[in-house]
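Tertiary structure, described
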Amino acid sequence: MKKYDVRTTISYPTKGAMGKTGNWRVFTPILDKKKCVKCLRCWIYCPEATVIRNKDDTVDIDYEYCKGCGICADVCKVKAIVMERVGEKE
Amino acid sequence: MTSVMIDTGNYIAAKAAVMCKPDVVAAYPITPQTTLVEGIANYVGTGEFKGEYICVESEHSAMAACIGASSTGVRTFTGTSSHGLLLMHEMLHWAALARLPVIMCNINRVIGPGWNIWTDENDSISQRDTGWLQFYCSSNQEIFDTVIQAFKLGEHEKVSLPVMISYNAFILSHTSMPVYVPDQKDVDNFVKKRIPKWKLEVENPITFGNIILPHEYELVRKEMQEAQENALKLIPEIAKEWKKKFGRFHGDLLEFYKCEGAEYILLSMGAIGAESKVAIDNLQKEGYKIGLARVRVIRPFPIEEIVKLGKKADLIVIDRNISVGMEGALFSEVKSSLYGKTDAKVHGFIAGLGGKDVTFGDIETMCKKAMKGKTKDHQVWYGLEEV
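Residues numbered from 1 in each chain as written. Chains lettered and ligands numbered in written order. Predicted model: local features only at pLDDT ≥ 70, side-chain atom pairs only at ≥ 80, totals over all residues.

Some details on the overall build of chain A
Quick reminder of the rule: Secondary structure elements follow DSSP: runs of H or I of four or more residues count as helices, runs of E of two or more count as strands, with numbering from the N terminus. Atoms counted for the radius of gyration: C-alpha only. Globule rule: 2.2 Å times residue count to the power 0.38. To sort residues by exposure, count the other C-beta atoms lying within 10 Å of each residue's C-beta; 20 or more gives buried, 12 or fewer gives exposed, and values between give partly exposed, all with C-beta atoms placed from the backbone. The contact rule is simple: place each C-beta atom from the backbone, and if two of them lie within 7 Å, those residues are in contact.
When helices and strands are counted, chain A shows 2 helices and 5 strands. In terms of C-alpha radius of gyration, chain A reaches 16 Å, well past the compact-globule figure of 12 Å for 90 residues. In terms of its C-alpha atoms, chain A occupies a principal-axis envelope of roughly 50 × 30 × 20 Å. Burial status across chain A gives 16% buried among its 90 residues. Look at the contacts in chain A between residues 6 or more apart in sequence, and 64% of them connect residues 24 or more apart.

Next up, the structure:
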């Protein structure tokens, strides 16, 4: 990666620059893989790139960084993703 | 081959800017800057300017567009005046903190209300703290030479800061003078292609302007200060190189005029600085031991040079600006530079606000009052209060 020798506010691409943002979550996306039709809308729309696309176009959610915004659940046409309040099931 | 162009300060600035081949010019017209951007538009028409000319909807946008373009590593230029400069204020800080060498001419014009398009220097003086380097010119030739030098200086790897070249409304912006214009290839050799300190490009993705924590922010400010200090050394070097290549020299941080053996040194800027030379000639004929140090650069401020002057003479300062509630900027900064280093007396005058004419006769009168000790502790309003 190209780095610049100047003190100003440049941020370089890096995983988790703000720390493990998964602990910001109030709602958690729960994915039901049996319902998933591999349309990848969740993968396209996730603003934090925490929907991980697998080789066979199935998806997984990276809970270490997912902030729980719920966009993936909103765009899922087959309701394979639902949002659950953190701690509700336990 | 060098040619001679007889034209106004604005058209001369346009010529100089176009010869430096900026990739992007974004500008919004305002009196008395209008003919500067009109001049560049003419070069779009003739094909001499090959960059992108963006007509924007305000000066804030003009500076924002220059910042955006400069962020991609290309060369940028714009010009403005008075209220236009003030509308840019937020973006001026932004360009400097982002370390982007946007080059801009500012034609010093009065600030309203009190609608007035004549000259005074409160517009650019009020932008002193934005991190821009600031030059003040006193002739069309100096405008031409300084614009070209400004690209080299601002884009220098040890500086990488924006540069403002100011000159007085109408007295310079709309007055024709003969100016030597060098060959394009000589300008090309003098101002090399910009090598940016950082840039936005698809191949090397970065985010710019993200959150920054207190300690890191303080370091950003410190490095800006160091860059301005580097400019203090580079300005004389670039002026020297210019003299060697093109045979002209307008001074570096200051221009000294007949200072040998002087017991008093007059400090003035811009058009009053040019007029001051006539006053010094006349005063010396009358036997007064007085010389002139015309201040060309106020950011970075030439502290060491001012101290050297203060060690051999008393100083007289004329300000065409006022920080209301305190005094003129040059008066304040000269005294601040001398503090604890010399016990030179500093006499101050405010003159020429609102575009009021300041003739060599006026300058002689001010100098004589100072040399006869007829000034006050505060800066005297020339012509408005008895001394």
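Thoughts on the domain arrangement of chain B
It is common to give the size of an interface as the accessible area lost on bringing the parts into contact. All names here are of chain B. Rules: Reported domain spans reflect what an automatic or database domain assignment gives. The nonpolar class holds Ala, Val, Leu, Ile, Met, Phe, Trp, Tyr, Cys and Pro. Asp, Glu, Lys and Arg form the charged class, and all remaining residues, Gly among them, are polar.
The domains assigned to chain B are domain 1 (3-246) and domain 2 (254-381). One C-alpha centre belongs to domain 1, the other to domain 2; they are set 27 Å apart. The partner domain 2 presents 20 residues to the 27 residues of domain 1 that form the contact. Where the side of domain 1 that touches domain 2 is concerned, the elements lending two or more residues are α6 (122-125), β6 (133-136), β7 (163-168) and α9 (214-246). In terms of residue count, the dominant contributor to the side of domain 1 that touches domain 2 is α9 (5 residues). Of the residues belonging to the side of domain 1 that touches domain 2, the class tally is 14 nonpolar, 9 polar and 4 charged.

Notes on the confidence of the model for chain B
Just so we agree on the cut-off: Looking at any residue, its pLDDT shows the predictor's confidence there, from 0 to 100.
When pLDDT is averaged along chain B, the result is 97, and 100% of the positions lie at 70 or above. Interface confidence for the predicted complex, expressed as ipTM, amounts to 0.79; the pTM equals 0.91.

Some points on the interface of chain B and chain A
The line we're drawing: At least two DSSP bridges between two strands are required for those strands to pair.
Contact residues are listed per partner, giving 17 residues for chain B and 10 residues for chain A. Breaking the side of chain B that touches chain A down by element, the ones donating at least two residues are β9 (207-208) and α9 of chain B. Element by element, the count of residues in the side of chain B that touches chain A is highest for α9 of chain B, at 3 residues. Bridge count for strand β1 (residues 10-11) of chain A against β9 of chain B is 2 bridges, and the pairing is antiparallel. Residue S11 of chain A lies in a different strand from β9 of chain B, and its bridge partner there is T207 of chain B.

A look at the environment of H174 of chain B
Residues and elements named next belong to chain B. As for its placement among the helices and strands, H174 is situated in the loop between β7 and β8 (176-181). When the C-alpha atoms of H174 and L266 are compared, they prove to be 27 Å apart, with 92 residues separating the residues in sequence. Apart from the residues lying within four places of it in its own chain, the contact partners of H174 are T8, N10 and P32.

Focus: the sheet that holds β6 of chain B
Residue and element names in this part refer to chain B. Put simply, the test is: Comment: axis = line fitted to C-alpha atoms, over the contacting stretch for helices; angle = value between 0 and 180 degrees taken between N-to-C directions.
Spatial strand order, β3-β2-β4-β5-β7-β6-β13: 7 strands in an open sheet with mixed pairing. Edge positions in the sheet fall to β3 (52-55) and β13 (297-299), since each has one partner strand and no second. Looking at each pair of strands side by side, their axes are set apart by 20° on average, direction ignored. Pairing of β6 with β7 involves 4 bridges; the strand directions are parallel. Its bridge partner being in β7, Q134 is matched across the sheet by M164.

Brief notes about the packing of helix α11 (residues 303-312) of chain B against helix α12 (residues 329-338) of chain B
Residues and elements named next belong to chain B. Counted only if it meets this: Here roughly perpendicular refers to angles of 65 to 115 degrees, roughly parallel to angles under 35, roughly antiparallel to angles over 145, and oblique to all remaining angles.
Axis separation between α11 and α12 bottoms out at 9 Å; the angle between their running directions is 75°. When the axis of α11 is compared with that of α12, the two are roughly perpendicular. Note on element contacts: α12 touches α11 through V334, S337 and L338, opposite I303, I306, V307 and G310. For the contact of α11 with α12, the per-class residue count stands at 5 nonpolar, 2 polar and no charged.

Section: the sheet that holds strand β14 (residues 314-319) of chain B
Residues and elements named next belong to chain B. With mixed pairing, the 6 strands of this open sheet are ordered in space as β10-β12-β11-β14-β15-β16. Strand pairing shows two members of the sheet lacking a second neighbour, β10 (254-257) and β16 (380-381), which therefore form its edges. With 4 bridges joining them, β10 and strand β12 (residues 290-295) adopt antiparallel strand pairing. Across the sheet, residue F256 finds its bridge partner in β12, namely A293.

A word on the packing of helix α1 (residues 9-19) of chain B against helix α2 (residues 34-46) of chain B
Residue and element names in this part refer to chain B. As a reminder of what qualifies: Left-handed is the label given to a crossing in which the near helix is rotated counterclockwise from the far helix by less than a right angle, and right-handed is the label when the rotation is clockwise.
In contact at an axis separation of 8 Å, α1 and α2 are set at 45° when each is read in the N-to-C sense. In terms of orientation, α1 lies oblique with respect to α2. The two elements α1 and α2 cross, and the hand of that crossing is right-handed. On the side of α1, the interface is formed by N10, Y11, A13, A14, A17 and V18, while α2 contributes T35, L36, G39, I40 and Y43. A per-class count over the contact of α1 with α2 returns 8 nonpolar, 3 polar and no charged.

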